[in-house]
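Architecture at a glance
Okay, here's what each chain looks like letter by letter:
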Amino acid sequence: MRALLIVSLILFSVAGITFAQEKAQMAPDKGPQILQAVGEKSAELGPSRYPEFSGYQSDNPTCGEYLKKKFNESAIIGDVSQEGMSLAPLWVKSKYRRDANAPAAGKKAEYVLVPGLTYTYDVPAAYRKTANLLITWTVRVEGYKTDPYMIWPNLCNVWHGTSLQHFSGGEAKTALFVNGEQKGEEIIMTIPDGGVTSSYQPSDPTHTGSFLLTAESFANGELPETVKIEIKWYNDTCMKLVSPAGMRNLIITVVPIERTTE
């Protein structure tokens, strides 16, 4: 009888330990997954602003002084700048242009896809409430001045002479978009001054961002069936942005969360 009692106690203890371990946690079905996209080709993003018109010699000093004056956003009527064109957005027209009905030099700047940095992930049903996606991206961004702008006829009605154009620095931005919606804050990097010469060497132009995407990142409290991840960039400078081939990537680490059971 005493032996039977001891055996019963041992079996009860083993069962209790097993139950406690199972209650504490159940291992996830799979370990972390690493997904990656790489920009294999060189990518460019054109300027969104005119340069600084810092000097001139011409037969039209009135328009020359107008170009030199710093752009004032509050002095736009329609799509025409009434007060200065230096660093004006390319969608803004000069009040001295020859053909007022001609299109502007460019469109309003917006976020566009960084070529190569997109990934579509089909989320397993078991992961939609029990997984995190750590998204990181690195983009090398270099700024280069463009060819000088022709003054006549697009900026001044009549112009004969020389225009000095200064390609000053500005901001380049990247941001994460998930299923078309921006997530997290934009990452901002200052592009150094491009100067007025043809020689330019960038300084530490690495652009890095990260975001932890969880079930709580969505209104319904779970990850969608399909997650389309995109890194987009925005050029708020008068220079051309270049990301060299093979010097940008997008890494997605899928981390299943260990589940507890009662």
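Here, the structure is the one placed above.
Residues numbered from 1 in each chain as written. Predicted model: local features only at pLDDT ≥ 70, side-chain atom pairs only at ≥ 80, totals over all residues. Heavy atoms only, no water.

1. With respect to the nonpolar core
- Counting residues in each nonpolar core, the largest one holds 35 residues, and the members touching the most others are Leu133, Ile135, Leu213, Ile229, Leu250 and Ile252.
- Of all the secondary structure elements, the ones that give two or more residues to this core are strand 1 (33-38), strand 2 (43-45), strand 7 (112-122), strand 8 (131-140), strand 11 (170-178), strand 12 (181-191), strand 14 (226-236) and strand 16 (248-256).
- Setting aside residues up to four positions removed in sequence, Leu213 forms contacts with Ala131, Asn132, Leu133, Ile135, Val178, Phe218, Leu223 and Val227.
- Counting 14 residues, the second largest nonpolar core, distinct from the first, contains Cys63, Ala88, Val92 and Cys156. (Core = buried A, V, L, I, M, F, W, Y, C linked by side-chain atoms within 4.5 Å. Buried < 20%, exposed > 50% of the residue type's maximum accessible area, 1.4 Å probe, protein only. Helix = DSSP H or I, 4+ residues; strand = E, 2+ residues; numbered from the N terminus. Contact = heavy atoms within 4.5 Å.)

2. Considering the sheet that holds strand 16
- With antiparallel pairing, 4 strands are arranged side by side in an open sheet as 1-16-8-13. With partners counted over all chains shown, the strands left at the sheet margins are strand 1 and strand 13 (206-213), one partner each. This sheet shows a mean twist of 15° between the axes of neighbouring strands, independent of strand direction.
- Summarising the sheet, strand 8 and strand 16 pair through 9 bridges and their orientation is antiparallel. In the sheet register, Leu133 faces strand 16, and the bridge partner there is Val254. (Pairing = 2+ DSSP bridges. Axes fitted to C-alpha atoms, helices over the stretch in contact; angles between N-to-C directions.)

3. Quick word on the pattern of salt bridges
- Under the definition given, this model contains 8 salt bridges.
- Residues Arg140 and Glu142 are paired through a salt bridge, measuring 2.6 Å at the closest nitrogen-oxygen approach.
- When the shortest N-O distance is used, the salt bridge between Glu230 and Lys228 registers 3.8 Å. (Salt bridge = Lys/Arg side-chain N within 4 Å of Asp/Glu carboxyl O.)

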